[in-house]
Protein chains: 2
Amino acid sequence: MQTRKSRRPRVQVEAAPSVLPTERPGQEGGKRDANRKARAAALASASLSLMLQRGVEAVTIDEIVSKAGVAKGSFYRYFRDKEDLVRAIVAPLERPLRESFERCKAALSDARAAESLAAAYGLFAAELAGVIFAHGAVVRLYLQERRAPGEGPRAPIADLARFVDASALELASFACQRGLTRPGDSRVSAAVVVGAAEHLASMALAGDESLRDPSVAMELIVIILDGVRATGSSATSSA
Amino acid sequence: MQTRKSRRPRVQVEAAPSVLPTERPGQEGGKRDANRKARAAALASASLSLMLQRGVEAVTIDEIVSKAGVAKGSFYRYFRDKEDLVRAIVAPLERPLRESFERCKAALSDARAAESLAAAYGLFAAELAGVIFAHGAVVRLYLQERRAPGEGPRAPIADLARFVDASALELASFACQRGLTRPGDSRVSAAVVVGAAEHLASMALAGDESLRDPSVAMELIVIILDGVRATGSSATSSA
DNA sequence: CGAAATCGTGACTGAACAGTCAGAATATCT
DNA sequence: AGATATTCTGACTGTTCAGTCACGATTTCG
């Protein structure tokens, strides 16, 4: 079997490469275990910096192993292919995102008025900012390739993007049903919020250091809340 | 000279490929001219659909010429390489965008109050919607690869993205200076507006047909204006 | 119509690439 | 320490790809 690049192989039947380091030999404390973690981390880290510089598709396995200081054969002991590597790189984002979405929905469940909306969204934004800056490089990669087609090595990023969009839509629908936001098509408000937050994060991570200030996140919140808030509550936010 | 893929060649000194169809022989009316246009269009169209499906980097010249029904040598008579092709594909977007930005700025120059802001932005949005739906496939490609690194075949898209960001920032600063929008960091409001509009456009173009309704654009405007409007003017938008 | 140019073609080249594998190196266990 | 299993290594293979070029087809122009 030889697939050359990631050009539409999509034929793998069951995944499960014959050999992958599950946790076969010396567990946890051993030198084997430490080596494994170090190697996987070196590969992921080298990939990440290369992919941020030149894009996921342009980076080759040879470059990755060269930069990571590892033999090519070793790569395939840890990852089935580039798509598998990308999946491993972005995987740490999903859980904290999902949990923050869930906590925000729970907070909205208890919300009775507009100030509860502000509180719930404020907490949500703070949590998201934590995730974004804790996983800066990975989030940059996600943002960079976020709208990639669902095929090829960028598929895991596209999957995560779909998850974010769906979660945001669910949240927006929920808030709207409970009368916390202006009535209207929740797909629009969800898209606006996701697009605005992600683009701002992209700027903050890729460029301007000064955009990382907490006041920037506050400004985003104020703008979004004023745009989305249910009419009838107090007018615009107090600056 | 052989560069294999677009892997960091970046060595070209002066561009200007030895032979490219400027307008050498039979001008304008001739059969040559018609053939040229038809071929270039076939290549661009084939590229566009392939790139939308699998991404700019994954598509090969062989696939493009095969789909376009053209010999490989002909490709290189029309485009220097894939980057050149991408530049030709997205080029038609820049002019209308620039002109809309300029018209919007001019409208803001004449604006005296909040309703002028709404009028200027409303017209701007209508013009943008026109561009977006007139060049649907190209805009989809732009949105798909918008945050790509500035190297490689996606560079022309990254350039266009920088242009959009810079223009939006200029517009936001201008509106803010004139007191038409809430005081604050214009980088934030510009990022919010661009991110929101582009993400919504991405949804409308890639997915849901129903998001193409003009009422959706109106909803976007209302949300953004309420989030951005200078305090002191009338409260939230009338529905 | 015939000459002179441009244009189209597709086989060809050299290089880069993904993925493999036999043997060397290393860790673990007794 | 010795035996055994796992892991690392990098040379190797077959393929794919970008870019070229000599030649035949087509168009233009006198």
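Just above, that's the structure.
To keep things clear, this report deals only with the structure shown in the data block. The model shown is predicted, which means the values in this text are computed figures rather than measured ones. (Residues numbered from 1 in each chain as written. Chains lettered and ligands numbered in written order. Predicted model: local features only at pLDDT ≥ 70, side-chain atom pairs only at ≥ 80, totals over all residues. Heavy atoms only, no water.)

Re the overall build of chain A
Item 1. The secondary structure content of chain A amounts to nine helices and zero strands.
Item 2. Along its sequence from the N terminus, chain A presents helices and strands in the succession α-α-α-α-α-α-α-α-α.
Item 3. Sequence-distant contacts in chain A: of pairs separated by 6 or more residues, those separated by 24 or more amount to 63%.
Item 4. Split by element, the accessible area of chain A, about 11,700 Å² in all, is 55% carbon and sulfur. (Helix = DSSP H or I, 4+ residues; strand = E, 2+ residues; numbered from the N terminus. Contact = heavy atoms within 4.5 Å. Areas by Shrake-Rupley, 256 points an atom, 1.4 Å probe, with all protein chains shown as cover.)

Some points on the interface of chain A and chain B
Item 1. Listed per partner, the contact involves 53 residues of chain A and 53 residues of chain B.
Item 2. When chain A packs against chain B, the two sides together hide about 4,600 Å² of surface, and 54% of this comes from carbon and sulfur.
Item 3. In this structure, the salt-bridge partner of E145 of chain A is R154 of chain B, at a minimum N-O distance of 3.1 Å.
Item 4. Inspection of the chain A/chain B interface yields 15 residue pairs in polar contact (both at pLDDT 80 or more). (Buried area = accessible area lost by both parts, 1.4 Å probe. Salt bridge = Lys/Arg side-chain N within 4 Å of Asp/Glu carboxyl O. Polar contact = N/O pair within 3.5 Å; in protein donor to acceptor, adjacent residues only side chain to side chain.)

A closer look at helix α1 (residues 31-54) of chain B
Residues and elements named next belong to chain B.
Item 1. Taking 1.5 Å per residue, 24 residues should reach 34 Å; α1 reaches 34 Å between its end C-alpha atoms and fits that length.
Item 2. By the burial criterion, the buried members of α1 are D33, R36, L43, A46, S47, L48, L50, M51, L52 and R54.
Item 3. Residues of α1 that are buried sit in contact with α2 (61-68), α3 (72-78), α4 (82-109) and α6 (136-145).
Item 4. A positive phi of about 95° marks G55, the residue just after α1. (Expected span 1.5 Å × (residues − 1). Buried < 20%, exposed > 50% of the residue type's maximum accessible area, 1.4 Å probe, protein only.)

Comments concerning the packing of aromatic side chains
Item 1. Scanning the model with the defined rule gives eight aromatic pairs over all chains in all.
Item 2. Geometrically, the ring pair formed by F75 of chain B and Y76 of chain B is edge-to-face, given 5.1 Å between the ring centres and 75° between the ring planes.
Item 3. Among the residues examined, F75 of chain B registers a relative accessible area of 0% and is labelled buried.
Item 4. Among the residues examined, Y76 of chain B registers a relative accessible area of 41% and is labelled partly exposed.
Item 5. Ring-pair connections join several aromatic residues into one group, and the members of that group are F75, Y76 and F79 of chain A.
Item 6. The ring of F174 of chain A carries K105 of chain A above its face, with NZ or CZ at 5.1 Å from the centroid. (Phe/Tyr/Trp six-rings, centres within 6.5 Å; stacked < 30°, edge-to-face > 60°. Lys NZ or Arg CZ within 6 Å of the ring centre and 35° of its normal.)

Some details on the relation of the copies chain A and chain B
Item 1. For the pair chain A and chain B, the best superposition has an RMSD of 0.1 Å and corresponds to a rotation of 180° with a translation of 0.0 Å parallel to the axis. In the structure described here, the two chain copies are related by an operation that fits a two-fold rotation axis.
Item 2. A share of 100% of interface residues in chain A that are also interface residues in chain B marks the association as one of identical surfaces. (Least-squares fit on C-alpha atoms with pLDDT ≥ 70 in both.)

A few points about the packing of α4 of chain B against α6 of chain B
The angle between the axes and the distance between the axes are what describe a pair of packed helices.
All names here are of chain B.
Item 1. Viewed as axis vectors pointing N to C, α4 and α6 meet at an angle of 100°, and their least axial separation amounts to 10 Å. If you check the angle between α4 and α6, you find them roughly perpendicular. Contact with α4, carried on its side by I89, V90 and L93, involves V138, V139, L141 and Y142 of α6 and no other residues of that element.
Item 2. Here the residues of the contact of α4 with α6 are counted per class, giving seven nonpolar, no polar and no charged. (Axes fitted to C-alpha atoms, helices over the stretch in contact; angles between N-to-C directions. Parallel < 35°, antiparallel > 145°, perpendicular 65-115°, else oblique. Nonpolar A, V, L, I, M, F, W, Y, C, P; charged D, E, K, R; others polar.)

Let's talk about the environment of R77 of chain B
Residues and elements named next belong to chain B.
Item 1. By the element assignment, R77 lies in helix α3.
Item 2. On the basis of relative accessibility, which here comes to 47%, the residue R77 falls in the partly exposed class.
Item 3. C-alpha of R77 to C-alpha of A40: the two residues are 37 residues apart in sequence and 9.6 Å apart in space.

With respect to the side chain of S47 of chain A
Item 1. Among the secondary structure elements, S47 of chain A is positioned in helix α1 (residues 31-54).
Item 2. Apart from residues no more than four positions distant in its own chain, S47 of chain A is found in contact with I64, L85 and I89 of chain A.

Regarding the pattern of salt bridges
Item 1. Taken as a whole and assessed by the stated rule, the structure comprises 37 salt bridges over all chains.
Item 2. E99 of chain A serves as the salt-bridge partner of R95 of chain A, at 3.8 Å between the closest nitrogen and oxygen. Separated by four residues within a single helix, R95 of chain A and E99 of chain A lie in helix α4 (residues 82-109), roughly one turn from each other.
Item 3. The salt bridge partner of D159 of chain B is R87 of chain B, with a shortest N-O separation of 3.4 Å. Highlighted residues: D159 of chain B in helix α7 (residues 155-177) and R87 of chain B in helix α4, separated in sequence by 72 residues.
Item 4. Shared partners join several salt bridges into a network, and the residues in it are E57, E145 and R154 of chain A together with E57, E145 and R154 of chain B.

As for the environment of S186 of chain A
All names here are of chain A.
Item 1. Positionally, S186 belongs in helix α8 (residues 186-206).
Item 2. Among the residues examined, S186 registers a relative accessible area of 11% and is labelled buried.
Item 3. Aside from chain neighbours lying at most four places away, what touches S186 is L169, A172, S173 and C176.

Topic: α7 of chain B
Item 1. If you check α7 of chain B, its first and last C-alpha atoms are 33 Å apart, about what 23 residues at 1.5 Å a residue would give, namely 33 Å.
Item 2. Looking one or two residues beyond α7 of chain B, the residue adopting positive phi is G179 of chain B, at roughly 75°.

Focus: the side chain of D165 of chain B
Item 1. For D165 of chain B, the position within the fold is in helix α7.
Item 2. Once residues within four sequence positions are removed from consideration, D165 of chain B is found in contact with H199 and M203 of chain A together with R146 and V194 of chain B.

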